[in-house]
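Architecture and fold: a report
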Amino acid sequence: MGRRRKKVVHIPRRKLPKFFSCPMCGKETVRVEIFREEGGRAVAQCSSCSLKEEFTIKAPQSEVDVYCMLTDRIYGPTRKTSTS
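Now for a quick tour of the structure.

Reading guide: rules and limits
Residues numbered from 1 in each chain as written. Predicted model: local features only at pLDDT ≥ 70, side-chain atom pairs only at ≥ 80, totals over all residues. Heavy atoms only, no water. Helix = DSSP H or I, 4+ residues; strand = E, 2+ residues; numbered from the N terminus. Rg over C-alpha atoms; globule rule 2.2 N^0.38 Å. Buried < 20%, exposed > 50% of the residue type's maximum accessible area, 1.4 Å probe, protein only. Contact = heavy atoms within 4.5 Å. Areas by Shrake-Rupley, 256 points an atom, 1.4 Å probe, with all protein chains shown as cover. Pairing = 2+ DSSP bridges. Axes fitted to C-alpha atoms, helices over the stretch in contact; angles between N-to-C directions.

Some thoughts on the overall build of the protein
Counting its secondary structure elements, the protein contains one helix and three strands. Going from the N terminus to the C terminus, the protein shows its helices and strands as β-β-β-α. Scaling as 2.2 N^0.38, a compact globule of 84 residues should have a C-alpha radius of gyration of about 12 Å, whereas the protein reaches 21 Å, well beyond that. Over its C-alpha atoms, taken along the principal directions, the protein stretches across nearly 90 × 30 × 30 Å. For the protein, the proportion of its 84 residues judged to be buried stands at 23%. Considering only residue pairs separated by 6 or more positions, the protein has 28% of its internal contacts joining residues 24 or more positions apart. Entry remark: accessible area of the protein is about 7,700 Å², with carbon and sulfur atoms responsible for 51%.

Topic: the side chain of threonine 29
Here threonine 29 is to be found in the segment before strand E1 (30–35). Threonine 29 sits in the buried class, given a relative accessible area of 18%. Beyond its immediate chain neighbours, meaning those up to four positions away, threonine 29 contacts Phe19, Phe20, Gln45, Cys46, Ser47 and Ser48.

With respect to the sheet that holds strand E3 (residues 52–56)
Pairing in this open sheet of three strands is antiparallel, and the strands run E1-E2-E3 from one edge to the other. Each having just a single partner strand, E1 and E3 make up the two edges of the open sheet. Strand-to-strand, the axes of this sheet are offset by a mean angle of 15 degrees, without reference to chain direction. Sheet topology note: the strand E2 (residues 41–46)/E3 ladder contains five bridges and is antiparallel. Looking across to E3, one finds that alanine 42 is bridged to phenylalanine 55. Against the sheet, helix H1 (residues 63–75) engages E1, E2 and E3, with an angle of about 120 degrees to E3.

Rendered as structure tokens:
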């Protein structure tokens, strides 16, 4: 008599998204491009509302970090200038 085979459980690995949701229009159309050869430059651009921001990045930063910098810049505190 043979014994039963053990059931193998495969856990799928989650992947990072290619497109992110736009903080201005709400659609999932923001794409982040990183140019490491040009001194660490990244461009986040929305293809529906034409929002475009450029950032300087360090070597270990990825697309998700650039998207977080974009949302921080959009939703961040607005600076009030005092007129006194």
